[in-house]
Amino acid sequence: MPTQIEKLEAYAGHLLDAFILLRERYALLHPMLFDKDVVARHGAKDRARGFNILMKSLFLSCAQDIAKLSMDDAERTASIHNLVKPLTDERLRAELRARYARWAISPIKEGDPEVLAALQKMQVKEHCERGEHFDTLYCETTELWAKLSTAPEMKALRTIRDKISAHAEVRYSADQYQFVDVSKLGLKWGDLKKMVDTMQRLVELLGLIVRNAGFAWEMLDEQLDTASRNFWNG
């Protein structure tokens, strides 16, 4: 059986993969919302209906994934919720902190006692600094998670996921049954980007805390910008 840390490592890896897929979909959606040239070229006349269908599909898919990857609490789900919650266990967090602190420290092979003592002193300092850095990362994680999980935008996105995207719920209103109206949830187009950006930092933080691994976000940004630009302008 895998240990709890091994399980968290696997979840963090799967969360990263799923978040990248969300970023890919949003990269195609963003110009449809904010690029006037893309809207003018592809969203008018005979193309208008197809453009709006694609935009709505991408919007609902992104909204569903934001809610799912952030808030799902099913036991076997790789979500931010399911990675942050175990970190409140002080014993688990202490083990992760110890792993993080000693990660870059290599065995010392030195015959000179004075040099050996100096190197050991440097290692102790580095160990303390990395431990303090872990504490900083964890503090930022808890603050960002509190902000994301309680945001009114998240409540609206969960409504989209639970009642519109994943399930077509109808409500009785004005003497008739109607689908839940997205326009009445208080979301603005720019809210998706804001939520994705916050999620990305949390995914990055959890990768560092749980897996001691970073990610080349700038390279991903360049790749997705190129893919989106080639698709819409090609």
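Refer to the structure printed above.
A brief report on the enclosed structure follows.

Observations regarding helix 1 (residues 4-34)
An α-helical turn contains 3.6 residues, so a residue and the one three or four places further along point in the same direction. Here helix 1 spans 43 Å end to end across 31 residues, near enough to the 45 Å set by a 1.5 Å rise per residue. Considering bend angle alone, the principal kink of helix 1 is centred on L28 and spans about 30 degrees; proline P31 follows within four residues of it.

What to know about the nonpolar core
In this structure, L29, I66 and I80 are the most contacted members of the largest nonpolar core, which totals 59 residues. Where this core is concerned, the elements lending two or more residues are helix 1, helix 3 (48-71), helix 4 (80-84), helix 5 (90-102), helix 6 (113-149), helix 7 (152-165), helix 8 (189-211) and helix 9 (217-233). Broken down by element, the residue count for this core peaks at 14 residues, all from helix 1. The contacts of I80, once residues within four sequence positions are left out, are L15, L69, S70, W145, L148, M199, L202 and L206.

Things to note about the environment of A18
In this fold, A18 is placed in helix 1. C-alpha separation for the pair A18 and A78, spaced 60 residues apart in sequence, amounts to 8.7 Å.

Details of the pattern of salt bridges
The tally for this structure, following the rule as stated, stands at 12 salt bridges. A salt bridge links D65 to R25; the shortest N-O distance between them is 2.1 Å. In this pair, D65 is assigned in helix 3 and R25 in helix 1, connecting sequence segments 40 residues apart. In this structure, the salt-bridge partner of K194 is E153, at a minimum N-O distance of 2.7 Å.

Considerations on the packing of aromatic side chains
Here a ring pair, both rings aromatic, is described through the centre-centre distance and the interplanar angle of the planes. Across all of its chains, the model carries six aromatic pairs by this definition. Centre to centre, the rings of F231 and W232 are 4.9 Å apart; their planes meet at 85 degrees, and the pair counts as edge-to-face. One aromatic cluster in this structure is built from F19, F215 and W217. One cation-aromatic arrangement involves R130 over Y100; the distance from NZ or CZ to the ring centre is 4.3 Å.

Structural notes on the layout of surface pockets
Empty space within the largest pocket amounts to approximately 350 Å³. With seven residues, the top contributor of residues to the lining of the largest pocket is helix 9. Here the lining of the largest pocket is built from residues that sort into seven nonpolar, four polar and seven charged.

The rules we used
Residues numbered from 1 in each chain as written. Predicted model: local features only at pLDDT ≥ 70, side-chain atom pairs only at ≥ 80, totals over all residues. Heavy atoms only, no water. Helix = DSSP H or I, 4+ residues; strand = E, 2+ residues; numbered from the N terminus. Expected span 1.5 Å × (residues − 1). Bend = angle between axes of the 7 residues up to and from the residue. Core = buried A, V, L, I, M, F, W, Y, C linked by side-chain atoms within 4.5 Å. Buried < 20%, exposed > 50% of the residue type's maximum accessible area, 1.4 Å probe, protein only. Contact = heavy atoms within 4.5 Å. Salt bridge = Lys/Arg side-chain N within 4 Å of Asp/Glu carboxyl O. Phe/Tyr/Trp six-rings, centres within 6.5 Å; stacked < 30°, edge-to-face > 60°. Lys NZ or Arg CZ within 6 Å of the ring centre and 35° of its normal. 1 Å grid on protein atoms, 1.4 Å probe; cavity = no way out; pocket = protein on both sides within 12 Å on 5 of 7 lines; lining within 4 Å. Points joined across faces, edges and corners; volume = space filled by probe spheres on them. Nonpolar A, V, L, I, M, F, W, Y, C, P; charged D, E, K, R; others polar.

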